[in-house]
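For reference, the chains in residue letters:
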Amino acid sequence: MSATKSLSKSSARKDKWNRYVESMKYAKYVLFHPFDGFWDLVHEKRGTIAAATTYLVLFLITRIVQLLFTNFQFINAPLQYINIFEQAASLLLPFLILCLGNWCLTTLFDGKGRFSDIYMAMCYALVPYTLIQLPLVFVSNIIAADEAAFYTVLMSFSSAWCVALVFVGLMQVHDYTPGKTFIFLIVTVVAALVIIFLLLVFFSLLGDAATYFISLYREIAFRLY
Amino acid sequence: MTVKVMHRLLALIMTVIMFASINVNTAQAADDGYPTTYTYNYDYWGDVRESADAYRVDQVIYGAELGLETLMKKPQSMFVRNRDVYVCDTNNNRILHLTRSEDNVFSLVRIIDTIQGCEPATFNQPYDVYVDESENIYVADTYNGRVVMVDKDLNFIQDYTKPSDATFDQSLSFMPAKLVVDVSGRVFVLATNVNKGLVKFEADGSFTGFVGANKVTYNFFDYIWKMYFSTKEQRAQQESFVPTEYANIYMDKDSFIYATNTTFDEYDLLWDAAQPIRRLNGIGNDILIKNDRYPPIGDLYWIEASVTLGPSKLVDITVLDENEIYVALDQTRGRLFGYDSQGIMLWAFGTTGNSDGTFNSAIAIDHMGNDLLVLDQNEGSITVFTPTEYGNLIYDASAAYLKGDYDGSAEKWEDVLKMNANYNLAFIGIGRALMRQEHFVEAMEYFEMAHDRENYGRAFRLYRKIWVEENILWMVIVLVAVMIIPLVRRSIKKMRMEVEAYERNQVSK
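The model shown is predicted, which means the values in this text are computed figures rather than measured ones. (Residues numbered from 1 in each chain as written. Chains lettered and ligands numbered in written order. Predicted model: local features only at pLDDT ≥ 70, side-chain atom pairs only at ≥ 80, totals over all residues. Heavy atoms only, no water.)

A. Local environment of the overall build of chain A. For chain A, the count of helices and strands is 8 helices and 0 strands. Tracing chain A from N to C terminus, the helices and strands come up as α-α-α-α-α-α-α-α. Radius of gyration (C-alpha) of chain A: 23 Å, far over the 17 Å computed for a compact globule of 225 residues. Each principal axis of the C-alpha atoms in chain A carries an extent, and together these give about 70 × 65 × 50 Å. (Helix = DSSP H or I, 4+ residues; strand = E, 2+ residues; numbered from the N terminus. Rg over C-alpha atoms; globule rule 2.2 N^0.38 Å.)

Below you can see the structure in the form of structure tokens.
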């Protein structure tokens with residue numbers, strides 16, 4: 001009895017693993033067939049949150065590796081001031097806030113995507129960045145500054161690819177028209193700013209409240225002493 | 001009660017500690033009482049890096065020491081020819097001729113206040129003086145509206161007055177403020193209220209036009225506002241967009257005019273649109289070389305000790321004889337900035353104050369050899385700076401490099417690094433010497449420390465070429481292996497499958 005149970009458990013784990021590997025591999029299809037790819041990624045459950053998160057982490061690692069190991073000819077990174085956790089957070093937080101902002105708006109305007117769908121699509125859209133710019137870190141160390149044309153073209157190409165994928169991804173996730181997607185991309189930025197504003201207000205009020213209670217406690221403590 | 005005593009004791013201990021720490025701080029300051037930031041430089045990131053002093057005060061000369069009966073009053077300009085110094089003592093309407101003896105004593109030679117053979121024979125607030133190779137003296141006699149040229153015995157030769165040419169606005173009075181003279185006797189005059197550029201006279205005194213007008217600068221929004229949202233009357237009231245005048249001019253030994261500019265929109269400095277220092281060629285174009293990350297604008301930061309002083313106000317400039325190093329003078333902070341011919345800052349030093357080596361209102365700078373002389377208009381003093389060992393090493397190193405003695409230059413730079421490990425030029429200089437000796441890896445290290453991309457790229461390509469030549473065998477082997485191994489593996493697989501199929505056939509038969 002227990003043997004079969006553990007067997008089924010391990011096979012379930014194996015299934016999960018296989019699904020993860022499959023969804024990782026599926027990125028290749030998304031990159032080259034974004035319209036089909038993003039549709040199936042979300043609506044046919046070809047993607048997994050785990051794979052999406054893996055790609056996000058890879059993206060963050062790429063950024064940090066870039067800062068640390070790109071040859072100085074191609075990057076102005078004041079290494080003496082760089083904190084890699086700060087760098088990672090400064091990418092991760094805007095990313096999540098943008099996802100959240102997009103979700104907040106599109107749920108109100110009949111977007112089909114759930115938050116997890118948006119997150120997944122955005123993460124998969126970052127794959128070209130990792131795919132191209134990580135090798136470019138190595139390339140930057142074997143070319144001289146005046147041979148940089150090749151390097152810069154690839155850099156901008158990878159960014160343009162990412163932007164295009166974000167656009168198509170959101171379009172397919174929400175089942176929007178291109179025009180509507182474009183408008184919502186812009187509005188998403190505004191929404192993100194609003195969220196940041198609210199967060200700042202919240203934390204500053206929280207701080208004020210904390211100081212209020214602390215001073216109240218002090219006052220009472222003094223009186224009683 | 002005991003609590004109170006405890007508090008008092010604590011407070012006492014705290015004060016003692018504080019005083020102790022203050023004492024430690026003063027002990028760290030230089031012996032002459034300057035803060036250690038008297039001399040500094042900017043690193044690649046634009047951070048201030050304190051450095052050893054490049055110049056030290058040799059002496060400060062006041063009128064009283066020269067035996068003057070009336071002290072200098074608002075002197076506006078100073079000119080050095082060999083060991084003679086000519087000071088334009090503007091508000092006393094005279095020129096002071098000083099000389100520096102071999103044993104380094106400045107003494108008064110004569111007071112020039114009258115000239116022979118012309119009318120008027122005296123000056124009226126002269127703003128500038130120039131002395132050519134044959135010791136003819138040119139004086140910008142500002143409020144007499146003339147530039148007057150006299151020989152060394154003060155006999156009148158000729159004067160340059162308001163041009164009667166149509167290109168010169170006849171409603172303006174001609175007020176020459178600064179002048180320079182080139183080797184063939186052409187006179188370039190910077191005149192107040194003339195914004196078409198420098199007024200140029202030929203050697204015979206004839207006016208031949210303007211040189212090097214400042215470009216008209218205006219703000220985009222100002223323009224829109226003026227052109228579309230103002231009435232005709234308002235437009236007439238507003239100031240018109242006109243080119244600004246230069247603040248000062250200097251002629252180097254190759255007859256290029258260095259000009260400084262103090263009127264600009266301070267945010268234009270950030271993208272080098274203001275160009276406070278220019279080097280004008282014959283047709284008036286700016287040909288100053290700017291190879292540093294930051295253009296030569298003086299100080300990069302305009303706030304000091306939470307006081308906003310604004311950008312550097314570069315009121316005068318001088319160019320050293322041998323190495324095209326130019327030194328600009330900032331009046332706001334009483335500070336000198338040295339740049340080499342590539343526009344890289346060598347050092348900056350000086351401040352406002354009352355002690356020697358600080359200024360109240362510095363107005364003019366000139367050089368005598370590598371010594372720098374700075375005139376202060378409010379103090380009526382001339383401060384003489386001589387280069388320190390550190391400053392001389394920098395000059396020697398760049399001079400050696402210009403001469404082609406690269407190894408000698410590298411040795412000098414090594415010595416500079418011993419005194420200032422933050423000196424980028426030294427890293428570049430050593431890197432270049434190493435590159436010439438074909439030590440490419442070391443050269444690359446030095447260039448990387450100086451963030452010199454161009455030279456790094458050069459060294460790197462040479463290094464890469466050698467590396468590839470040495471390792472070409474391995475690279476070919478790896479490449480071939482990468483191509484052949486999968487092929488071999490595939491054919492083995494194929495053969496195995498054929499054998500299996502054959503065996504299966506045999507069995508089924």
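B. Highlighting the nonpolar core. All names here are of chain B. Counting residues in hydrophobic clusters, the biggest one holds 45 residues, and the most contacted among them are L336, W347, W413 and Y423. Looking at which element gives the most residues to this core, the answer is helix α6 (residues 424-436), with 7 residues. Residues lining this core come from more than one domain, with at least three contributed by each of domain 1 (37-405) and domain 2 (406-509). If we ignore the near neighbours within four places in the chain, the residues touching W347 are T39, Y40, N41, A54, Y55, V327, L336, F337, G338, L372, I394 and Y395. Counting 43 residues, the second-largest nonpolar core is a separate cluster that includes V148, V150, V187 and V189. (Core = buried A, V, L, I, M, F, W, Y, C linked by side-chain atoms within 4.5 Å. Buried < 20%, exposed > 50% of the residue type's maximum accessible area, 1.4 Å probe, protein only. Domains from an automatic or database assignment. Contact = heavy atoms within 4.5 Å.)

C. Region of interest: the environment of R278 of chain B. All names here are of chain B. Considering the arrangement of structural elements, one finds R278 in strand β18 (residues 277-280). For the pair R278 and G357, spaced 79 residues apart in the sequence, the C-alpha separation amounts to 27 Å. For R278, the residues in contact, after removing those within four places along its chain, are N214, Y246, I257, Y258, A259, N261 and D286. Within the structure, the side chain of R278 is placed 3.0 Å from the backbone oxygen of Q275, a separation counted as a polar contact. (Polar contact = N/O pair within 3.5 Å; in protein donor to acceptor, adjacent residues only side chain to side chain.)

D. The arrangement of the interface of chain B and chain A in detail. At the junction of the two partners, chain B supplies 14 residues and chain A supplies 15 residues. Contact between chain B and chain A buries roughly 1200 Å² in total, counting both sides, with carbon and sulfur atoms accounting for 49%. Connecting chain B to chain A are 2 salt bridges. At the junction of chain B with chain A, the criterion picks out 10 residue pairs in polar contact (both at pLDDT 80 or more). Of all the elements in the fold, those that place two or more residues in the side of chain B that touches chain A are α7 (440-449) and α8 (453-508) of chain B. A per-element tally of the side of chain B that touches chain A places α8 of chain B first, with 6 residues. Per-class residue counts for the side of chain B that touches chain A are 5 nonpolar, 2 polar and 7 charged. (Buried area = accessible area lost by both parts, 1.4 Å probe. Salt bridge = Lys/Arg side-chain N within 4 Å of Asp/Glu carboxyl O. Nonpolar A, V, L, I, M, F, W, Y, C, P; charged D, E, K, R; others polar.)

E. The arrangement of the state of the cysteines in detail. Under the defined criterion, the tally for this structure stands at 0 disulfides over all chains. Considering cysteine sulfurs only, C123 of chain A is the nearest to C99 of chain A, which forms no disulfide, with 6.5 Å between them. No disulfide involves C88 of chain B; its sulfur sits 16 Å from the nearest other cysteine sulfur, which is in C118 of chain B. (Disulfide = S-S within 2.5 Å.)

F. View of the domain arrangement of chain B. Residue and element names in this part refer to chain B. Annotation of chain B at the domain level lists domain 1 (37-405) and domain 2 (406-509). Placing the centre of domain 1 and that of domain 2 at their C-alpha centroids yields a distance of 52 Å. Tallying the contact residues gives 21 residues for domain 1 and 17 residues for domain 2. Summed over both partners, the interface of domain 1 with domain 2 buries about 1800 Å², with 67% contributed by carbon and sulfur atoms. Of all residues in domain 1, Y44, L393 and Y401 bury the most surface against domain 2, accounting for 35% of the area lost on that side. Our enumeration of links across domain 1 and domain 2 arrives at 0 salt bridges. Joining domain 1 to domain 2, the criterion identifies 8 residue pairs in polar contact (both at pLDDT 80 or more). With 9 residues, helix α4 (residues 389-403) is the largest single contributor of residues to the side of domain 1 that touches domain 2. Looking at the side of domain 1 that touches domain 2 residue by residue, the class counts come to 11 nonpolar, 4 polar and 6 charged.

G. Looking closely at the packing of α7 of chain B against α8 of chain B. Residue and element names in this part refer to chain B. Look at α7 against α8: their axes get within 9 Å of each other, and the N-to-C directions meet at 155°. What the angle tells us is that α7 and α8 run roughly antiparallel. Remark: the crossing between α7 and α8 carries left-handed chirality. Counted together, F440, V441, A443, M444, F447 and E448 of α7 and N455, Y456, A459, F460, L462, Y463 and I466 of α8 form the full contact between these two elements. In terms of residue class, the contact of α7 with α8 is built from 11 nonpolar, 1 polar and 1 charged. (Axes fitted to C-alpha atoms, helices over the stretch in contact; angles between N-to-C directions. Parallel < 35°, antiparallel > 145°, perpendicular 65-115°, else oblique. Left-handed = near helix turned anticlockwise from the far one by under 90°.)

H. Structural view of the sheet that holds strand β17 (residues 257-260) of chain B. Residues and elements named next belong to chain B. Spatially, the 3 strands line up as an open sheet ordered β16-β17-β18, and their pairing is antiparallel. Because the sheet does not close on itself, it has two edges, and the strands there are β16 (248-251) and β18. Between one strand axis and the next, the sheet turns by 20° as a mean value, whatever way the strands run. With 4 bridges connecting them, β17 and β18 associate as antiparallel partners. Counted as the bridge partner of Y258 is R279 from β18. (Pairing = 2+ DSSP bridges.)

I. Seen up close, the environment of D254 of chain B. All names here are of chain B. Mapped onto the secondary structure, D254 falls in the loop between β16 and β17. Between the alpha carbons of D254 and D182 there is a distance of 8.9 Å; along the sequence they are 72 residues apart. In this structure, D254 is in contact with R279 and E324, ignoring residues within four places of it in sequence.

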